[in-house]
Amino acid sequence: MPWRKRAQAARKREDALYDRLVTNAVSGKASGMNTWAAAFTREDKPEGDQRRLMNQFTVAAIETADSLQTFILACILYPQWIPHAQREIDAVVGQNRLPSFKDRPHLPYVEALVRETLRWRPAVRFGLAHQSTADDVVEYKGTEYFIPKGSIIYAVTWAIEHEQERFENHDMFQPERFLDDANLKPGYETSAFGFGRRVCPGIQFAERTLWINIAMILWTFNIWKSEEPDPKTGLPFKYDASDLAYKGELTSGPFKFPAVFEPRSVHRAEVVRREWAECEKDLNVLLPRHKEG
């Protein structure tokens, strides 16, 4: 079938990419230090070479980058919620420092932004292929469906996160859907990272990275549409969040689009420069060398 041939070709390209990235990580070439990656992937370990598992952490990083681009696109297409988010951040953080993870429990609106970003345009919109290990029967809306053993099954994340019964106005970016007044609604679940035993092992890394980036961006910048013409047409750039505006075979991010980042004040720009100058940048301090047990 044509999709199988495309999947095989995509797998070869991804294997080549991840092999290069993992080799750099294991050798220390990327960071100039001996990290846990080298010990994790040793071939003499009882479980063997774990390089393939390390790919999952790479995928988590790629998904985070795609989600962050989706968030910027949402800022441009649905700017009406930005003042609310910035007021909340300013009330908790103030104007003299950047947001940090200690602020997270006090910023429910930012938390709702992360949830809505993952829901609105999931980074893995078609999900990952699974294979049934036994015959099964699934009931949905009163109808039973027989799934033979060995079936290839896709739980399409986009469809799950856009189900009308769960999410009213599902195609709109509305962080308030996760809030009850100013509090987060309980019982939050997402399929953006998969589910069950095959859930993405990098979920904590991805969610936290997305949260801190969103909080810092909104504290620092106002985000605007670009007035520059589209170089392809010479006309004003047409911002779009439909399927046609997204790329990718496994992970899915928007095609390149222009955006204007304007510091909210001269003082905030200076705070960012100061914190960058003062923060620890030595990887040997941030990520201590692995010690053999």
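The shown structure was predicted, so the numbers you read here are calculated from the model rather than taken from an experiment.

Turning next to the overall build of the protein chain. Counting its regular elements, the protein chain contains 9 helices and 10 strands. For the protein chain, with 293 residues in total, the buried portion stands at 35%. Within the protein chain, counting contacts between residues at least 6 apart in sequence, those at least 24 apart form 70% of the total. Surface accessibility of the protein chain: about 18200 Å² in total, with carbon and sulfur atoms responsible for 57%.

On to the nonpolar core. Counting residues in hydrophobic clusters, the biggest one holds 44 residues, and the most contacted among them are Phe-71, Trp-81, Leu-113, Ile-214 and Leu-218. Sorting the residues of this core by element identifies helix H3 (51–77), helix H4 (82–93), helix H5 (108–120) and helix H7 (203–220) as the ones contributing at least two each. The dominant element in this core, judged by the number of residues it contributes, is H7, at 9 residues.

This part takes up the environment of Pro-148. With respect to the secondary-structure elements, Pro-148 resides in the loop between strand E3 (143–147) and strand E4 (152–154). For Pro-148, a relative accessible area of 35% corresponds to the partly exposed category. What Pro-148 contacts, discounting residues up to four positions off in sequence, is Ser-132, Ala-134 and Asp-135.

The next point concerns a nonpolar patch on the surface. A cluster of nonpolar residues, Phe-126, Ile-152 and Tyr-154, forms a patch on the protein surface that exposes about 280 Å² of accessible area. Within the secondary structure, Ile-152 sits in strand E4. The exposure class assigned to Ile-152 is partly exposed, which follows from its relative accessible area of 38%.

Let us look at the packing of aromatic side chains. Enumeration according to the criterion identifies 11 aromatic pairs in this entry. Arranged with centres 5.8 Å apart and planes meeting at 45°, the rings of Phe-71 and Trp-81 form a pair that is tilted. With Phe-71 in helix H3 and Trp-81 in the loop between H3 and H4, the pair connects residues that are 10 residues apart, well separated along the chain. Just as Phe-71 is buried, Trp-81 falls in that class too. One aromatic cluster in this structure is built from Phe-71, Tyr-78, Trp-81, Trp-120 and Phe-173. The ring of Tyr-188 has Arg-115 lying over it, and the distance from NZ or CZ to the ring centre is 4.1 Å. Sitting over the face of the ring of Trp-219, Arg-268 holds its NZ or CZ atom 4.8 Å from the ring centroid.

With that settled, the discussion passes to the packing of H4 against H5. Their axes nearest at 8 Å, the elements H4 and H5 cross at an angle of 135°. By the angle class used here, H4 and H5 are oblique. Only Pro-108, Tyr-109, Val-110 and Leu-113 of H5 make contact with H4, whose side of the interface consists of His-84, Ala-85, Glu-88 and Ile-89. Residue classes in the contact of H4 with H5 are distributed as 6 nonpolar, 1 polar and 1 charged.

Here strand E2 (residues 136–140) runs beside E3; their pairing, made up of 5 bridges, is antiparallel. Paired with Val-137 across the two strands is Phe-146, which belongs to E3.

For H7, with 18 residues, the first-to-last C-alpha span of 26 Å sits near the 26 Å given by 1.5 Å per residue. Along H7, the residues that are buried comprise Ala-206, Glu-207, Leu-210, Trp-211, Ile-212, Ile-214, Ala-215, Ile-217, Leu-218, Trp-219 and Thr-220.

The next point concerns the UniProt feature "binding site: heme" (unreviewed entry) in the protein chain. In the numbering used here, UniProt assigns the feature "binding site: heme" (unreviewed entry) to Cys-200. The class of Cys-200 is buried, set by a relative accessible area of 9%.

Rules used in this analysis
- For every chain, the first residue of its written sequence is number 1, and the numbers climb from 1 along that sequence.
- The predicted nature of this model means local features are confined to residues of pLDDT at least 70 and side-chain atom pairs, given and counted, to a pLDDT of 80 or more, with totals for whole chains, interfaces and linings taken over all residues.
- Here the side-chain values reflect all heavy atoms present in the structure, with hydrogen atoms and water set aside.
- Helix and strand labels come from DSSP, where a helix needs a run of H or I of at least four residues and a strand needs a run of E of at least two; each type is numbered from the N terminus.
- Partly exposed residues are those whose accessible area sits between 20% and 50% of the maximum for their type, while under 20% is buried and over 50% is exposed, using a 1.4 Å probe and protein chains only.
- Contact criterion: two residues are considered in contact whenever any of their non-hydrogen atoms come within 4.5 Å of each other.
- Note that accessible areas follow from Shrake-Rupley with a 1.4 Å probe, and for residues the cover is restricted to the protein chains shown.
- In these notes, a set of buried Ala, Val, Leu, Ile, Met, Phe, Trp, Tyr and Cys residues joined through side-chain atoms within 4.5 Å is what counts as a nonpolar core.
- Two joining distances apply to patches: 9 Å for like charges and 5 Å for nonpolar side chains (Val, Leu, Ile, Met, Phe, Trp, Tyr), and every residue must have over 30% relative accessible area and no salt bridge.
- Counted as salt bridges are all cases of a side-chain nitrogen of Lys or Arg within 4 Å of a carboxyl oxygen of Asp or Glu.
- Pairing of aromatic side chains requires ring centres within 6.5 Å, counting the rings of Phe and Tyr and the six-membered ring of Trp. Pairs whose planes differ by under 30 degrees are stacked, by over 60 edge-to-face, and all others tilted.
- Throughout this description, the term charge over a ring refers to an Arg CZ or Lys NZ atom that lies within 6 Å of the ring centre and within 35 degrees of the ring normal.
- Think of each axis as a best-fit line through the C-alpha atoms, taken over the contacting stretch in the case of a helix, with angles from 0 to 180 degrees between the N-to-C directions.
- The labels follow the angle: roughly parallel below 35 degrees, roughly antiparallel above 145, roughly perpendicular from 65 to 115, and oblique for the rest.
- Charged means Asp, Glu, Lys or Arg here, nonpolar means Ala, Val, Leu, Ile, Met, Phe, Trp, Tyr, Cys or Pro, and polar covers whatever is left, Gly included.
- At least two bridges found by DSSP between two strands is the condition for calling them paired.
- Helix span is expected to be 1.5 Å times the residue number reduced by one.
- UniProt positions are given in the numbering used here, feature names are shortened, and annotations may be inferred rather than shown by experiment.

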